[in-house]
Amino acid sequence: MAAILEDRKRIIVKEGIKIGLQLEHSIKEPKSASTKEPKTASTTAPSQAAVALRMLDVSKSFSNSKGGSKVHVLDQITLDVKQGEFVSIIGPSGSGKSTLFHLIGGLLRPDQGSIFIHDQLVTGETGHVSYMPQQPALFPWRTIQDNVILARELTGRSKKELRGEAASWLEKAGLQGYEKAYPHMLSGGMQQRAAFVRAMMSPHELMLLDEPFSALDALTRSEMQRWLLAQWEEHRRSVLFVTHSIEEALLLSDSIYVLSHRPASVLKRIEVPFPRPRRDTLTRSADFVELKAQLSSLLQGDQSI
Amino acid sequence: MNRRRWSQAGPPLAAVLLLLVVWQLAVMLLQVDKWMLPSPIDIAKEAAASVPVLLEHTWATLKLTLLGFTFGAAFGLIVAMLLHPIPLLKRAIYPLIIVSQNIPTIALLPLLMIWFGFGLMPKIVVITLVCFFPITIATMDGLMQTDRTMLHYMRMAGASRSQLFWKLELPHALPSVFSGLKIAATYSVMSAIVAEWLGTDKGIGYYMVLQKAAFRTDRMFVAIAIVVLLSIAMFTIVQWIERRVVHWQQSSKTENELS
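Bear in mind the structure is a predicted one, so any value in this text is a computation, not a measurement. (Residues numbered from 1 in each chain as written. Chains lettered and ligands numbered in written order. Predicted model: local features only at pLDDT ≥ 70, side-chain atom pairs only at ≥ 80, totals over all residues. Heavy atoms only, no water.)

What to know about the environment of B:Trp248
So, step 1. Relative to the helices and strands, B:Trp248 is located in helix H11 (residues 247-258).
So, step 2. Assessed through its relative accessible area of 7%, B:Trp248 is described here as buried.
So, step 3. C-alpha separation for the pair B:Trp248 and B:Pro175, spaced 73 residues apart in sequence, amounts to 9.9 Å.
So, step 4. The contact partners of B:Trp248, leaving out residues within four places of it in the chain, are A:Pro140, A:Trp141, A:Tyr182, A:His184, B:Pro171, B:Leu174 and B:Pro175. (Helix = DSSP H or I, 4+ residues; strand = E, 2+ residues; numbered from the N terminus. Buried < 20%, exposed > 50% of the residue type's maximum accessible area, 1.4 Å probe, protein only. Contact = heavy atoms within 4.5 Å.)

Following this line, the structure appears as structure tokens:
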């Protein structure tokens, strides 16, 4: 345990805010970061840096069933999500982002490394996160209100009591009047909002959002981004967000981890300097465009290797 | 709704009517003997003449069918639910269940009679054996096809094994369970008739055996018509229950048709 704590101290990432890419040390070489101070002032995250999620040196490979050859998917991933921080992960497709989520959610065990959620070692354990999948995956036999209470229901509480709690959440998501509707009666965007409410109502603080808007059309998508931004800025949950869209990541997050091609490792951790509350007009500002260009060349540079 | 129901039922009804007309004309024009092939009108006349007797036999067969189907459905569901959570058991038993279907029911009847006598018991066993198969297979397939994303969601949220089953796997498998039940429902009438061939003194199966011995072809056709109607009735009952239990699927189907 002492060794793990020592390790953690070494990899604490400094979070000073500068304009432009705040490129930290490459996390693959944690020793170079040993003298960095914990962050002092930031408008983007609570000042007390309690950690909601910490992955330490997590690696995972899958053995190919045919040839017995191993596919190395994740290579020594180390990342932090502080309490109340919105962190995005971007990377080329096929870089093992779903595997990452399955590891954090406890569906898979890493070959090495450890995962902490709220300072508790949870490697390989389920039931510590709130998950929002790529597809809304609402249960078609449940009404909207019964869908959103699902995670709380699993703790053994009565449906009746929970339905009352769901009402105000659904109203905030603009789903009032749809409490007793079935998922197929809702549009794609509304289903995704219901899935988000389901994640918000989960008793687990840390939220994992797996490309939640990728299946939506462009118009609905930007509408949902704005909505998510407002919801998150109101509630400030700890979020780990996987996306393919650089713009989406920049608009929503406090920090962004850029993953490399397979086997995925952390190329960079980037602090997003824009103050909150954010508007989507931000996407037209010069700083935003500049950051976006740098990020995309970072991603393309990796892909061309 | 009504209009749609008619547009669905119309074509098959017309086809049946056409067939009956052709049959009637063929028998009349070709002057087929009545004991060889009676005309539809002859059959209808015969049916009308023996309504009280037929009702009694039909009622007996219906009771047997319902009883056997209930046992078969319960047995089939229990087998599927027991095999599903234990992969080793499933791998061991599943092929046996498939192979068991190659044993003709008729061949089992003498054995069942030796073991269980002539009462209700061997007949129920026959129907149960016939019915459980499609239900078990359909239920197990349904349980295996649980949506991966929903499964991941439930497991990440910390659902226990039993919560996974009752809140996700079983409701997700229900449409599949009902297709198994519908197949079993039609099988159940046929197997009830076969079961009645072994010693009994009432039921449509028994009636058929009697009329065959007397070369009453017209009455044989009456019996066949009743068997068909019973099968349709069983199917309709299960479908009616399905509409109420799997309501989300029905409504999403109509939605898709509209859009």
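Continuing now.
Side note on the sheet that holds strand E1 (residues 51-63) of chain A
Residues and elements named next belong to chain A.
So, step 1. The 4 strands lie next to each other as E2-E1-E4-E5, forming an open sheet whose pairing is antiparallel. At either margin of the open sheet sits one strand with a lone partner, and together these are strand E2 (70-82) and strand E5 (120-121).
So, step 2. With 9 bridges joining them, E1 and E2 adopt antiparallel strand pairing. When the bridges of E2 are listed, Ser63 appears paired with Lys70.
So, step 3. Here helix H2 (residues 97-104) sits on the sheet in contact with E1, E2 and strand E4 (112-117), set at roughly 120 degrees to E1. (Pairing = 2+ DSSP bridges. Axes fitted to C-alpha atoms, helices over the stretch in contact; angles between N-to-C directions.)

Describing the side chain of A:Thr78
So, step 1. Checked against the element boundaries, A:Thr78 lands in strand E2.
So, step 2. At a separation of 2.9 Å, a polar atom in the side chain of A:Thr78 contacts the main-chain amide nitrogen of A:Asp57. (Polar contact = N/O pair within 3.5 Å; in protein donor to acceptor, adjacent residues only side chain to side chain.)

Description of the interface of chain A and chain B
So, step 1. At the junction of the two partners, chain A supplies 27 residues and chain B supplies 20 residues.
So, step 2. Here chain A meets chain B over a buried area of about 2200 Å², counting both sides, of which 72% is carbon and sulfur.
So, step 3. Seen at the junction of chain A and chain B, the total is 1 salt bridge.
So, step 4. For A:Glu153, the salt bridge goes to B:Lys167, with nearest N and O atoms at 2.6 Å.
So, step 5. Summed over the shared surface of chain A and chain B, the number is 3 residue pairs in polar contact (both at pLDDT 80 or more).
So, step 6. Elements represented by at least two residues in the side of chain A that touches chain B include exactly H2 and helix H4 (150-153) of chain A. (Buried area = accessible area lost by both parts, 1.4 Å probe. Salt bridge = Lys/Arg side-chain N within 4 Å of Asp/Glu carboxyl O.)

Things to note about the pattern of salt bridges
Residues and elements named next belong to chain A.
So, step 1. Throughout the structure, instances matching the rule amount to 18 salt bridges over all chains.
So, step 2. Measuring nitrogen to oxygen at the nearest pair gives 2.9 Å for the salt bridge that ties Glu85 to Arg269. Here the residue Glu85 occupies a position in the loop between E2 and strand E3 (86-90), and Arg269 occupies one in strand E10 (residues 266-271), the gap between them amounting to 184 residues. Pair check on accessibility: Glu85 and Arg269 agree, each one buried.
So, step 3. Within the structure, one salt-bridge network assembled from shared partners comprises Lys82, Glu85, Arg269 and Glu271.

Re the UniProt feature "transmembrane region" (unreviewed entry) in chain B
So, step 1. Listed under "transmembrane region" (unreviewed entry) in the UniProt record, and renumbered for this structure, are residues 12-32, 64-84, 96-118, 124-144 and 220-241 of chain B.
So, step 2. Structurally, residues 220-241 of chain B comprises 100% helix and 0% strand, and the distance from its first C-alpha atom to its last is 32 Å. (UniProt positions renumbered as here; feature names shortened; annotations may be inferred.)

As for the confidence of the model for chain A
So, step 1. Averaged over every residue, the pLDDT of chain A is 78; the share at 70 or more is 81%.
So, step 2. Confidence drops under a pLDDT of 50 for residues 5-48 of chain A, and excluding neighbours within four residues, the segment shows 69 contacts in the predicted structure. (pLDDT = per-residue confidence, 0-100.)

Remarks on the sheet that holds E10(A)
Note: strands within a sheet are paired through backbone hydrogen bonds, in either parallel or antiparallel orientation.
Residue and element names in this part refer to chain A.
So, step 1. Across the sheet, which stays open at both edges, the 6 strands sit in the order E6-E7-E8-E3-E9-E10 with mixed pairing between neighbours. Because the sheet does not close on itself, it has two edges, and the strands there are strand E6 (130-132) and E10. Looking at each pair of strands side by side, their axes are set apart by 15 degrees on average, direction ignored.
So, step 2. Looking at chain direction, E3 and strand E9 (residues 255-259) are connected through 4 bridges and run parallel. Following the sheet pairing, Val87 is matched in E9 by Ser255.
So, step 3. Taken strand by strand, helix H6 (residues 188-200) contacts E6 and strand E7 (207-210), and its axis lies near 170 degrees from that of E6.

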